[in-house]
Amino acid sequence: QVQLVESGGGLVQPGGSLRLSCAASGFTFSTYVMSWYRQAPGKERELVATIWSSTGPTNYVDSVKGRFTISRDNAKNTVYLQMNSLKAEDTAVYYCKASEARTGMNYWGKGTLVTVSS
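Remember, predicted model here, so these are calculated numbers, not experimental data. (Residues numbered from 1 in each chain as written. Predicted model: local features only at pLDDT ≥ 70, side-chain atom pairs only at ≥ 80, totals over all residues. Heavy atoms only, no water.)

(A) View of the nonpolar core. L4, M34, W36, V79, L81, M83 and Y94 are the most contacted members of the largest nonpolar core, which has 29 residues in total. Those elements that provide at least two residues to this core are β3 (18-25), β4 (33-39), β5 (46-51), β7 (68-73), β8 (78-83), β9 (92-100) and β11 (112-116). Ignoring any residue separated from it by four or fewer positions in sequence, one finds M83 in contact with G16, S17, L18, L20, R67, F68, Y94 and V114. (Core = buried A, V, L, I, M, F, W, Y, C linked by side-chain atoms within 4.5 Å. Buried < 20%, exposed > 50% of the residue type's maximum accessible area, 1.4 Å probe, protein only. Helix = DSSP H or I, 4+ residues; strand = E, 2+ residues; numbered from the N terminus. Contact = heavy atoms within 4.5 Å.)

(B) Looking closely at the sheet that holds β8. Ordered in space as β1-β3-β8-β7, the four strands form an open sheet in which the pairing is antiparallel. Because the sheet does not close on itself, it has two edges, and the strands there are β1 (3-7) and β7. This sheet shows a mean twist of 15 degrees between the axes of neighbouring strands, independent of strand direction. (Pairing = 2+ DSSP bridges. Axes fitted to C-alpha atoms, helices over the stretch in contact; angles between N-to-C directions.)

(C) Examining unusual backbone geometry more closely. The backbone of N77 shows a phi angle near 50 degrees, a positive value even though the residue is not glycine. Looking at where N77 falls in the secondary structure, it is placed in the loop between β7 and β8. What makes N77 partly exposed here is its relative accessible area of 26%.

(D) Expanded view of the pairing of β4. With six of seven residues buried, β4 is to be regarded as a mostly interior element. Pairing of β4 with β9 involves seven bridges; the strand directions are antiparallel. Counted as the bridge partner of Q39 is V93 from β9. Sheet analysis places β4 next to β5, joined by five bridges and oriented antiparallel. Counterpart to R38 in the pairing with β5 is E46.

(E) Examining the pattern of salt bridges more closely. A full pass over the atoms with the stated rule returns four salt bridges. Measuring nitrogen to oxygen at the nearest pair gives 2.9 Å for the salt bridge that ties R38 to E46. Linking K65 and D62 is a salt bridge whose minimum nitrogen-to-oxygen distance equals 2.9 Å. Judged by its relative accessible area of 61%, D62 falls in the exposed class. Several salt bridges converge on common partners, so that one network encompasses R38, E46, R67 and D90. (Salt bridge = Lys/Arg side-chain N within 4 Å of Asp/Glu carboxyl O.)

What follows is the structure, given as structure tokens:
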């Protein structure tokens, strides 16, 4: 059974940091492009960051550049999103996505809530 399980969400103050994790199982993790998306209340789901391999390349939406870092550990079948200098507008449910370009297969996690508030 394919699973993507996000963790690390919670309440954090503006300017604070949080590290999200996505643990994958049930597929060949190393062959998949990994991404983080987010969806705030009343807004469309937004692509936040993407990583293609163990070291990159990576891409980020402009609003998080310089603040967020995506990384992966293929030995642990895990992708991370380090979030620094958090702002209230970062509040959203964050979703992990796995994509294999050759087959078009996509898998989604169920999300983890990040709330940035004082």
